[in-house]
Amino acid sequence: HPHLLMFGMNRRIKAIFDLYELNLKTQKLKMVAQNPGNVIGWEVNHQLQLTGRMLSLLDHGATELETRVTPKSPWHVIKYYPFGTSGSVLGFTPNDQSLYLIDNLSSDTSTLKLIALKTGKTEKVIAHQAGWEIASLLRDPVSKQVEAVKYNRYRPKWVVLNPHFKADFTKLAEQHPKLDFAIG
């Protein structure tokens, strides 16, 4: 869908972001989903279908992650984040059956997980280091696989997950031992 763009915009009500689709060829703009007032993030899969959303539970400071298998399926809660915890969706796997998610439900620091879209169950813990927060990721633009994770504590450090990049990161660190670097 190289000519379609999906994004949140506060066109209808200034404080609320609805989900829109823009056709870059025709310049036609259409609303895909109307925000009932508590959606704080829309999650669109690789087929440009709305199958995830993060909700703010305004009455007690919690958030929920809701998903659905198809755009016509009902929403169901797969993650609940009480006040003081957090979760962020980083996108879908190439087959749109799982989500990359960073949260702190199972630890006092962030954990990068792969979770099932249907159930919210953790399929795999991709990255976690006790006492370190995940600051950023390097992802393959085609496969969406996580290649490296940048952690922050007192100073940032990179952990390479893909062995093909190990030598590159080692060389950067050796050539610039006192410098921190960002990628992306």
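The text that follows walks through the structure, step by step, so that each part is easy to find.

### Things to note about the sheet that holds strand 11 (residues 122-127)
If you walk across this open sheet you meet the four strands as 8-9-10-11, and the pairing is antiparallel. Lying at the two open borders of the sheet, with one neighbouring strand each, are strand 8 (87-92) and strand 11. Strand-to-strand, the axes of this sheet are offset by a mean angle of 25°, without reference to chain direction. Relative to strand 9 (residues 98-103), strand 8 runs antiparallel, the two sharing five bridges.

### Section: the side chain of Lys113
Within the element layout of this structure, Lys113 appears in strand 10 (residues 111-116). Since its relative accessible area comes to 6%, Lys113 is described here as buried. Lys113 has contacts with Leu99, Tyr100, Leu101, Asp103, Ser106, Thr122, Lys124, Val125 and Ile126, leaving out every residue within four places of it along the chain.

### A look at unusual backbone geometry
Phi is positive for Leu48, which is not a glycine, with a value near 60°. Along the chain, Leu48 falls in the loop between strand 4 (39-44) and strand 5 (50-57). A positive phi angle is found at Lys144, which is not glycine, with a value near 70°. Given a relative accessible area of 25%, Lys144 falls into the partly exposed group.

### As for the sheet that holds strand 7 (residues 76-81)
Within the open sheet, the four strands sit side by side as 4-5-6-7. Their pairing is antiparallel. The open sheet has two edge strands with one neighbour each: strand 4 and strand 7. If you compare each strand with its neighbour and ignore which way they point, the axes differ by 20° on average. Of the strand pairs in this sheet, strand 4 and strand 5 are connected by five bridges, and their pairing is antiparallel. Across the sheet, the residue bridging to Val44 is Leu50, located in strand 5.

### Comments concerning the pattern of salt bridges
This structure, assessed with the given rule, holds five salt bridges. Across the pair Glu21 and Lys30 runs a salt bridge, and its minimum N-O distance is 3.9 Å. The class for Lys30 is partly exposed, based on a relative accessible area of 41%. Linking Asp103 and Lys113 is a salt bridge whose minimum nitrogen-to-oxygen distance equals 2.9 Å. Note that Asp103 is positioned in strand 9 and Lys113 in strand 10, a separation of ten residues in sequence.

### Examining the layout of surface pockets
The calculated volume of the largest pocket comes to roughly 300 Å³. Together, 16 residues line the largest pocket, and Pro156, Lys157, Trp158, Ala173 and Phe181 are the ones closest to its centre. A per-class count over the lining of the largest pocket returns nine nonpolar, two polar and five charged.

### Examining the nonpolar core
Nonpolar side chains in soluble globular proteins tend to end up buried together. Judged by nonpolar contacts, Tyr100, Ile102, Leu112, Leu114, Ile126, Ala127, Trp132, Ile134, Leu137, Val146, Val149 and Tyr151 together constitute the single largest core of twelve residues. Elements that contribute at least two residues to this core include exactly strand 9, strand 10, strand 11, strand 12 (133-139) and strand 13 (146-152). Among the elements that take part in this core, strand 13 stands out by supplying three residues, more than any other. When residues no more than four places from it in sequence are discounted, the contact partners of Leu112 are Leu90, Leu101, Ile102, Lys124, Val125, Ile126, Ala127, Ile134, Leu137, Val146 and Val149. Of all hydrophobic cores here, the second largest spans ten residues; its members include Met54, Ile78, Tyr81 and Leu101.

Calculation rules
- Residues numbered from 1 in each chain as written.
- Predicted model: local features only at pLDDT ≥ 70, side-chain atom pairs only at ≥ 80, totals over all residues.
- Heavy atoms only, no water.
- Pairing = 2+ DSSP bridges.
- Helix = DSSP H or I, 4+ residues; strand = E, 2+ residues; numbered from the N terminus.
- Axes fitted to C-alpha atoms, helices over the stretch in contact; angles between N-to-C directions.
- Buried < 20%, exposed > 50% of the residue type's maximum accessible area, 1.4 Å probe, protein only.
- Contact = heavy atoms within 4.5 Å.
- Salt bridge = Lys/Arg side-chain N within 4 Å of Asp/Glu carboxyl O.
- 1 Å grid on protein atoms, 1.4 Å probe; cavity = no way out; pocket = protein on both sides within 12 Å on 5 of 7 lines; lining within 4 Å.
- Points joined across faces, edges and corners; volume = space filled by probe spheres on them.
- Nonpolar A, V, L, I, M, F, W, Y, C, P; charged D, E, K, R; others polar.
- Core = buried A, V, L, I, M, F, W, Y, C linked by side-chain atoms within 4.5 Å.

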